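Chain by chain, the residues:
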Amino acid sequence: MHTNKIIACIPARYAATRFPAKLMQLLGEKTVIRTTYENTVATGLFDEVIVITDSDIIFQEITTHGGRAIMSKKEHESGSDRIAEAVQEMNVDVVVNVQGDEPFVNKDVLEKLVAAFQDPSVKVASVMHPSADAEYLSNPNFAKVVVDKDSNALYFSRALIPYDRQSGLPFTYYKHIGIYAFRKETLLEFTQWPIGKLEQVEKLEQLRYLENGVKIRMVSTEYTGIGIDTPAELEKARELLGK
């Protein structure tokens, strides 16, 4: 049994820019956010699972079904800030950030992520997925990552990295999957740092860690992430559930 307290936090905004109220859409009998919450609990990996929200509706949805939710006290730029505010006073060691719109949250991925913290030098960990599809990879909506020999991230970019100068060499590209875990004190430090230059240019929050010299340990997985950002993706998720 781990002595470190490991919790999962699910930041949940009601008003998503691209698909408002998506977390309250139904997947079968249950809403997206409740499905995500219950699936995270069902992994059995966490001492506690908490939804952190700015919405009374989401708060009620979780608490009336016996789950734990916390209302954010103030407006937040990002999920990291929202989580940091909630865990500040908590006695926890490792916090895993599960996306509210990933209802089919994958136990193997979360297990690998949590296991990374058995190495005491790891302060932040995240997930990557190997891909050979160059067309898909050159899409700036997907962040890419390159790692060193110890699987620490060297850089994240919306551009395709590395640039293939001498074609024909076999190379595995990695898509970054936005599931994170952090030691509590590292997350609190992160929210105190000014937004980084690279972060501003790429619009990738995780670059702030690298710009401040904090390594991110990457875990490779076959899981590609099934997020719900559009009504079409909701339909796809419903079909998946039907199977």
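In the block above lies the structure referred to throughout.
Residues numbered from 1 in each chain as written. Predicted model: local features only at pLDDT ≥ 70, side-chain atom pairs only at ≥ 80, totals over all residues. Heavy atoms only, no water.

*Asks:* Describe the packing of aromatic side chains, and please don't skip the residues or the numbers.
*Replies:* Applying the stated criterion to the full structure yields six aromatic pairs. Between the aromatic rings of Tyr180 and Phe182, the centroid separation amounts to 6.2 Å while the plane-to-plane angle is 5°, which identifies the pairing as stacked. Like Tyr180, the residue Phe182 is buried in the burial classification. Measuring from ring centre to ring centre gives 4.5 Å for Phe190 and Tyr209, while their planes differ by 25°; the resulting arrangement is stacked. Here Tyr209 lies in helix H8 (residues 207-211) and Phe190 lies in helix H6 (residues 184-192), a separation of 19 residues in the sequence. Tyr209 matches Phe190 in its accessibility class, with the two residues each being buried. Put simply, the rings of Tyr180, Phe182, Phe190, Trp193 and Tyr209 pair up and form one aromatic cluster. Between the NZ or CZ atom of Arg208 and the centre of the ring of Phe190, over which it lies, the distance is 4.1 Å. (Phe/Tyr/Trp six-rings, centres within 6.5 Å; stacked < 30°, edge-to-face > 60°. Buried < 20%, exposed > 50% of the residue type's maximum accessible area, 1.4 Å probe, protein only. Helix = DSSP H or I, 4+ residues; strand = E, 2+ residues; numbered from the N terminus. Lys NZ or Arg CZ within 6 Å of the ring centre and 35° of its normal.)

*Asks:* So what about the nonpolar core? Which residues, and what values?
*Replies:* Counting residues in each nonpolar core, the largest one holds 38 residues, and the members touching the most others are Ile33, Phe46, Val51, Val96, Leu110, Leu113 and Ile179. Filtering out sequence-adjacent residues up to four positions away, Phe46 remains in contact with Ile6, Ile7, Ala8, Thr40, Val96, Leu110 and Val114. Judged by nonpolar contacts, the second largest core, of 30 residues, contains Ala143, Tyr180, Leu187 and Met218. (Core = buried A, V, L, I, M, F, W, Y, C linked by side-chain atoms within 4.5 Å. Contact = heavy atoms within 4.5 Å.)

*Asks:* Help me get a handle on the pairing of strand S5 (residues 68-71), residues and values and all.
*Replies:* Relative to S5, strand S4 (residues 48-53) is paired through four bridges, and the arrangement is parallel. Considered in S5, the bridge of Thr53 is made with Met71. Handedness of the crossover joining S4 and S5 through helix H2 (residues 56-63): right-handed. (Pairing = 2+ DSSP bridges. Right-handed = clockwise from strand over helix to strand, strands pointing away.)

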